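Chain by chain, the residues run as shown.
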Amino acid sequence: MTDENQNLNEVAVVDSEETPDPHDLGIELPKDKDEAIASLLRALGGAQQEATRYLDDLKRVAADFDNYRKRTLREQGTMLDRAAERVIQKLLPALDSFDAAVNAPVESEAGKQLLSGMLGTRDQLLNALGEEGLSVVPTVGEPFDPEHHEPIGAPTGEGDLIVAEELRRGYQLNERLIRAALVSLELKES
């Protein structure tokens with residue numbers, strides 16, 4: 001920073017309606033009018049360049065902060081998704097146990113009441129997890145999709161494969177597969 005620019009930074013506060021005295025602004029003007037105008041123009045040019053540099057720096061800092069804010073929000077979302085996925089992964093064995101229990105044959109009235117309670121509890125758990133983005137991978141009657149279905153054996157022959165039976169449920173969390181469905185396949189009749 002030149003002495004002239006530093007003097008401009010040490011300016012006393014001046015009322016905007018009054019014409020400031022050059023000494024109040026820290027400027028020594030030559031006696032010659034043309035030299036004084038040239039000196040003022042140089043000072044003005046230097047002040048404008050410095051103001052432009054400060055404005056550019058401010059814009060750069062503002063853009064950096066905006067990018068930081070967006071990146072932080074993205075990272076927070078990713079961390080929340082991963083945390084939810086970890087919790088759901090730990091709950092999958094419990095869901096599998098519910099599925100196995102409700103598929104067991106029941107003959108007594110007490111067993112039917114117990115089954116009804118288990119179905120209600122499983123549905124409550126699936127609804128709560130569904131509100132967080134969990135969905136069941138569609139299986140029986142669906143075309144085989146190696147991205148979502150893990151087959152046990154495969155029929156031989158020509159034709160399209162469809163899912164015949166679901167052996168273990170598959171789940172997605174917010175459209176992202178967290179476990180493929182374990183299925184048996186059959187050939188689609190044409």
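See the structure shown above.
Figured I'd write up the structure that's included with this text.

Quick notes on the overall build of the protein chain
Right, on to step 1. Across its full length, the protein chain carries three helices and six strands.
Right, on to step 2. Taken over C-alpha atoms, the radius of gyration comes to 37 Å for the protein chain, far larger than the 16 Å a tight globule of 190 residues would show.
Right, on to step 3. Nonlocal contacts in the protein chain, meaning residues at least 24 apart in sequence, comprise 57% of its contacts between residues at least 6 apart.
Right, on to step 4. Carbon together with sulfur atoms contributes 53% to the accessible area of the protein chain, which is approximately 13900 Å² in total.
Right, on to step 5. Looking at the protein chain, you have 20 positive and 38 negative side-chain charges, and the mean spots of the two groups are 3 Å apart.

Examining the layout of surface pockets
Right, on to step 1. Empty space within the largest pocket amounts to approximately 180 Å³.
Right, on to step 2. Contributing to the lining of the largest pocket are Asp-96, Asp-99, Ala-100, Val-102, Asn-103, Arg-122, Glu-166, Leu-167, Arg-168 and Arg-169.
Right, on to step 3. Looking at the lining of the largest pocket, the elements that each hand over two or more residues are α2 (33-102) and β3 (161-168).
Right, on to step 4. Classifying every residue of the lining of the largest pocket by side-chain character gives three nonpolar, one polar and six charged.

Here we look at the environment of Leu-29
Right, on to step 1. For Leu-29, the location among the structural elements is in the loop between α1 (3-9) and α2.
Right, on to step 2. Every residue in contact with Leu-29, bar those within four places of it in the chain, is listed here: Pro-22, Ala-36, Ser-39 and Leu-40.

Notes on the packing of aromatic side chains
Two aromatic rings are characterised by how far apart their centres lie and by the angle between their planes.
Right, on to step 1. For the coordinates displayed, the defined rule picks out one aromatic pair.
Right, on to step 2. Aromatic side chains Phe-65 and Tyr-68 sit 6.4 Å apart centroid to centroid with 40° between the ring planes, which places their arrangement in the tilted category. Of this pair, Phe-65 and Tyr-68 both sit in helix α2, three residues apart, which is roughly one turn of that helix.

A closer look at the nonpolar core
Right, on to step 1. Counting nine residues, the largest nonpolar core consists of Ile-88, Leu-92, Leu-95, Leu-126, Leu-129, Leu-134, Tyr-171, Leu-173 and Ile-178.
Right, on to step 2. Where this core is concerned, the elements lending two or more residues are α2, α3 (109-131) and β4 (171-173).
Right, on to step 3. No other element matches α2, which puts three residues into this core.
Right, on to step 4. Ignoring sequence-local partners within four residues, the contact set of Tyr-171 consists of Leu-92, Leu-95, Asp-99, Leu-126, Leu-134, Ser-135, Val-136, Val-137, Arg-176, Leu-177, Ile-178 and Arg-179.
Right, on to step 5. Among the nonpolar cores identified, the runner-up in size contains five residues, and Val-163, Ala-181, Val-183 and Leu-185 belong to it.

Here we look at the pairing of strand β6 (residues 181-187)
Right, on to step 1. Taking burial as the measure, the seven residues of β6 include five buried ones, the bulk of the element.
Right, on to step 2. Note that strand β2 (residues 149-151) and β6 share three bridges and pair parallel. From the neighbouring strand, Glu-150 faces β6, where its bridge partner is Leu-182.
Right, on to step 3. Two strands pair when backbone bridges link them, and β3 and β6 are joined in this way by six bridges, in the antiparallel orientation. Bridge pairing in β6 places Ile-162 opposite Glu-186.

Digging into a nonpolar patch on the surface
Right, on to step 1. Together, Ile-37, Leu-41 and Leu-44 give the surface a local cluster of nonpolar side chains, amounting to about 280 Å² of exposed area.
Right, on to step 2. Among the structural elements, Ile-37 can be located in helix α2.
Right, on to step 3. For Ile-37, a relative accessible area of 40% puts it in the partly exposed group.

Description of the sheet that holds strand β1 (residues 134-136)
Right, on to step 1. On the basis of which strands lie adjacent, the open sheet formed by three strands has the order β1-β4-β5 and antiparallel pairing. Single-partner strands in this sheet number two, and they are β1 and β5 (176-179). Neighbour-to-neighbour, the strand axes of this sheet turn through a mean angle of 35°, independent of strand direction.
Right, on to step 2. Across three bridges, β1 lies against β4 in antiparallel orientation.

Calculation notes
Residues numbered from 1 in each chain as written. Predicted model: local features only at pLDDT ≥ 70, side-chain atom pairs only at ≥ 80, totals over all residues. Heavy atoms only, no water. Helix = DSSP H or I, 4+ residues; strand = E, 2+ residues; numbered from the N terminus. Rg over C-alpha atoms; globule rule 2.2 N^0.38 Å. Contact = heavy atoms within 4.5 Å. Areas by Shrake-Rupley, 256 points an atom, 1.4 Å probe, with all protein chains shown as cover. Lys, Arg positive; Asp, Glu negative; His and termini not counted. Charge placed at Lys NZ, Arg CZ, Asp CG, Glu CD. 1 Å grid on protein atoms, 1.4 Å probe; cavity = no way out; pocket = protein on both sides within 12 Å on 5 of 7 lines; lining within 4 Å. Points joined across faces, edges and corners; volume = space filled by probe spheres on them. Nonpolar A, V, L, I, M, F, W, Y, C, P; charged D, E, K, R; others polar. Phe/Tyr/Trp six-rings, centres within 6.5 Å; stacked < 30°, edge-to-face > 60°. Core = buried A, V, L, I, M, F, W, Y, C linked by side-chain atoms within 4.5 Å. Buried < 20%, exposed > 50% of the residue type's maximum accessible area, 1.4 Å probe, protein only. Pairing = 2+ DSSP bridges. Patch = residues over 30% accessible without salt bridge, like charges linked within 9 Å, V, L, I, M, F, W, Y side chains within 5 Å. Salt bridge = Lys/Arg side-chain N within 4 Å of Asp/Glu carboxyl O. Axes fitted to C-alpha atoms, helices over the stretch in contact; angles between N-to-C directions.

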